[in-house]
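Understanding the architecture of this molecule
Each chain, letter by letter, is given below.
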Amino acid sequence: MSEQEQWLIVDDDQAFLQVLSRSLARQGIEAITASNHDSAMDALDAHNIRRCVLDLNLAGESGLQLLPELLDTNPDLDVLVLTGYGSIATAVEAMRRGAANYLCKPVTVQQLISGFEPLEAPPELRPEPPSVEEMEWEHIQRVLNEHEGNISATARALNMHRRTLQRKLQKHSRWRQ
């Protein structure tokens, strides 16, 4: 009897963890779940895991900061970063830090599974240029990433009030859902 493949799923949304765990189980994959940095590191130490689905936003913590630690602990780990707040800046940073792929929620289980497979062809480019709002969002995400998620430092770098930045981030997160 072969051992069931184990994936580490790191997300702070308990309902999402339960639904994804059940969906992966139907595909013959056991989901080991974690909701924060410490539980993710404990799970990685305790189990033979070769794939990880890592949420970008973990209740105020950045999944991008956890990513290198996961890979230091297990260099053979394939990590797919999953987010509801996708941007080019965070996608590039995730790949730079060692992610195998980067996907935006919502995704199906089949999209997650295929997200770990090598690309057969390059993805199609958008026919239209990004909107001003998308470009602003990309810029904010890049600066936010440069300041390791620190809202106050990002607001200073962008020369805007911290509350204004928080409103923009909150507004965009509702728009993306």
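Residues numbered from 1 in each chain as written. Predicted model: local features only at pLDDT ≥ 70, side-chain atom pairs only at ≥ 80, totals over all residues. Heavy atoms only, no water.

1. A short note on the overall build of the protein
The helix and strand tally for the protein stands at 8 helices and 7 strands. Burial analysis of the protein (177 residues in total) assigns 39% to the buried set. Long-range contacts, defined as pairs at least 24 residues apart, comprise 62% of the intrachain contacts of the protein with a sequence gap of at least 6. Summed over its atoms, the accessible surface of the protein is roughly 10700 Å², and 50% of this surface lies on carbon and sulfur atoms. (Helix = DSSP H or I, 4+ residues; strand = E, 2+ residues; numbered from the N terminus. Buried < 20%, exposed > 50% of the residue type's maximum accessible area, 1.4 Å probe, protein only. Contact = heavy atoms within 4.5 Å. Areas by Shrake-Rupley, 256 points an atom, 1.4 Å probe, with all protein chains shown as cover.)

2. Some words on the sheet that holds strand β2 (residues 29-34)
Pairing within the open sheet is parallel, and its 5 strands lie in the order β2-β1-β3-β6-β7. One side of each edge strand has no neighbouring strand; the edge strands of this open sheet are β2 and β7 (101-104). With direction set aside, neighbouring strand axes in the sheet form an average angle of 25 degrees. The strands that helix α4 (residues 88-96) touches are β6 (78-83) and β7; relative to β7, the one it contacts most, it runs at about 150 degrees. (Pairing = 2+ DSSP bridges. Axes fitted to C-alpha atoms, helices over the stretch in contact; angles between N-to-C directions.)

3. Observations regarding the confidence of the model for the protein
Mean pLDDT over the protein works out to 83, with 90% of the residues at or above the 70 mark. Confidence, expressed as mean pLDDT per element, reaches its minimum in the protein at helix α8 (residues 162-176) with 73 and its maximum at strand β3 (residues 51-55) with 92. (pLDDT = per-residue confidence, 0-100.)

4. Structural notes on the nonpolar core
The biggest cluster of nonpolar side chains holds 25 residues, and the ones touching the most others in it are L8, V10, L54 and L70. Of all the secondary structure elements, the ones that give two or more residues to this core are β1 (5-10), β2, α2 (37-46), β3, α3 (63-73), β6 and α4. The residues touching L8, leaving out its near neighbours within four places in the chain, are I32, A34, A40, A43, I49, R51, C52, V53 and L70. By size, the runner-up hydrophobic cluster in this structure holds 15 residues, among which are W7, L24, A31 and L103. (Core = buried A, V, L, I, M, F, W, Y, C linked by side-chain atoms within 4.5 Å.)

5. A few points about the pairing of β7
In this sheet, β7 lies alongside β6 in parallel orientation, the contact comprising 4 bridges. Its bridge partner lying in β7, L80 is registered against N101.

6. Remarks on the pairing of β6
The element β6 is largely enclosed, with a buried count of 5 among its 6 residues. Direction of pairing for β3 relative to β6: parallel, over a ladder of 5 bridges. When the bridges of β6 are listed, R51 appears paired with D78. For the segment spanning β6, α4 and β7, crossover handedness is right-handed. (Right-handed = clockwise from strand over helix to strand, strands pointing away.)

7. Regarding α4
Within α4 the residues assigned to the buried category are A89, T90, A91, E93 and A94. Where the residues of α4 are buried, they touch α3, β6, β7 and α6 (132-146). One or two steps after α4, the chain reaches G98, where phi turns positive at roughly 115 degrees.

8. A few points about unusual backbone geometry
Located in the positive-phi region is N159, a residue other than glycine, with phi close to 60 degrees. Within the fold, N159 resides in the loop between α7 (151-158) and α8. Residue class for N159 comes out exposed when judged on its relative accessible area of 72%.

9. Some details on the pattern of salt bridges
The final tally for this structure, using the stated rule, is 5 salt bridges. The shortest N-O distance in the salt bridge between R96 and E93 comes to 2.5 Å. Here the residue R96 and the residue E93 both occupy positions in helix α4, the gap between them amounting to 3 residues, near one helical turn. Since its relative accessible area comes to 60%, R96 is described here as exposed. Classification of E93 by relative accessible area gives buried; the value is 9%. Here the salt bridges do not stand alone but share partners, grouping E93, R96 and R97 into one network. (Salt bridge = Lys/Arg side-chain N within 4 Å of Asp/Glu carboxyl O.)

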